[in-house]
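An overview of the molecular structure
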Amino acid sequence: MARASGPPPFAFRVKVRNELRDLIGDFGGKMPKEVKAEIRPLLRKTGQGALMAVRSNASWSTRIPAATRLQISLTGKRPGVAVVTNRHKAPGARPLEHRGRRGRLRHPVFGNRDVWVTQPSNPFMTSEAPKWQAEVRKGIGDAVDQVARRHGFR
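Right, let's walk through the structure included here. Note that the coordinates shown come from a computational prediction; the quantities given were computed from them, not determined experimentally.

Here we come to the overall build of the protein chain. When helices and strands are counted, the protein chain shows 5 helices and 5 strands. Along the protein chain, helices (α) and strands (β) appear in the sequence β-α-α-α-β-β-α-β-β-α when read from the amino end. Across the 154 residues in the protein chain, those meeting the buried criterion constitute 37%. Within the protein chain, residue pairs in contact and separated by at least 24 positions form 63% of the contacts whose partners lie at least 6 positions apart. Summing over all exposed atoms, the protein chain offers an accessible surface of approximately 9,800 Å²; the carbon and sulfur share of this is 51%.

Another point: the packing of helix 1 (residues 18-26) against helix 5 (residues 129-150). Interaxial distance between helix 1 and helix 5 falls to 8 Å at its minimum, and their mutual angle equals 30°. Comparing their axes, helix 5 and helix 1 come out roughly parallel. Of helix 5, the residues touching helix 1 (which contributes E19, L20 and L23) are I140, G141, V144 and A148. Within the contact of helix 1 with helix 5, the residues separate by chemical class into 5 nonpolar, 1 polar and 1 charged.

What follows covers the nonpolar core. L20, I39, L43 and V83 are the most contacted members of the largest nonpolar core, which has 30 residues in total. Contributions of two or more residues to this core are made by helix 1, helix 2 (33-57), helix 3 (64-67), strand 2 (68-73), strand 3 (80-85) and helix 5. The dominant element in this core, judged by the number of residues it contributes, is helix 5, at 8 residues. Discounting residues that sit within four places of it in the chain, L43 has contacts with I72, L74, V81, I140 and A143.

Moving on, we get to the pairing of strand 2. Of all the 6 residues making up strand 2, 5 are buried; the element is thus mostly covered by neighbouring parts of the structure. Where strand 2 lies against strand 3, 6 bridges are found, and the strand directions are antiparallel. Paired with L70 across the strands is V83, a residue of strand 3.

What follows concerns the packing of helix 2 against helix 5. When two helices pack together, you describe them by how their axes are tilted relative to each other and by the distance separating the axes. Two elements in contact, helix 2 and helix 5, have axes whose closest approach is 10 Å; the angle formed by their N-to-C orientations is 165°. Taken together, the axis directions place helix 2 and helix 5 in an arrangement best described as roughly antiparallel. Where helix 2 crosses over helix 5, the two elements pack in a sense that is right-handed. Of helix 5, the residues touching helix 2 (which contributes V35, E38, I39, L42, L43, T46, G47, A50, A53 and V54) are W132, E135, V136, G139, I140, A143, V144, Q146, V147 and R150. Considering only residue class, the contact of helix 2 with helix 5 consists of 13 nonpolar, 4 polar and 3 charged.

Reading the values: the criteria
Residues numbered from 1 in each chain as written. Predicted model: local features only at pLDDT ≥ 70, side-chain atom pairs only at ≥ 80, totals over all residues. Heavy atoms only, no water. Helix = DSSP H or I, 4+ residues; strand = E, 2+ residues; numbered from the N terminus. Buried < 20%, exposed > 50% of the residue type's maximum accessible area, 1.4 Å probe, protein only. Contact = heavy atoms within 4.5 Å. Areas by Shrake-Rupley, 256 points an atom, 1.4 Å probe, with all protein chains shown as cover. Axes fitted to C-alpha atoms, helices over the stretch in contact; angles between N-to-C directions. Parallel < 35°, antiparallel > 145°, perpendicular 65-115°, else oblique. Nonpolar A, V, L, I, M, F, W, Y, C, P; charged D, E, K, R; others polar. Core = buried A, V, L, I, M, F, W, Y, C linked by side-chain atoms within 4.5 Å. Pairing = 2+ DSSP bridges. Left-handed = near helix turned anticlockwise from the far one by under 90°.

Have a look at this one:
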């Protein structure tokens, strides 16, 4: 399936400790399917609390909670857990997040550059991050340790 071009979805990633990258490297850069199938549910369980916190914090919106999901990556440059909001399903999410800062933002009304309005920002993702980031990092490390031991690593 072809991927749509344009900017990536709005995401907040948990920076991965080196354990996950080291595990991928120990398998020669490509994790076997059975190991992926084993570690993916553990990582999903680890990130579930973060996802629920972000959705709860965005409960004022009708679109953002439904457009927010958990993304697990076990390949590429950024393996780990990310909470992602689809920009097509919730186009107002990124401006309202306002890079995690409280304040006000200005925008034209329905694209009419002659009429502008000011509205308060409403950070829902980055304001929750410090609360669950350490927990998710620890969970990633625990999941990697558990899977590595099962596959003969020490």
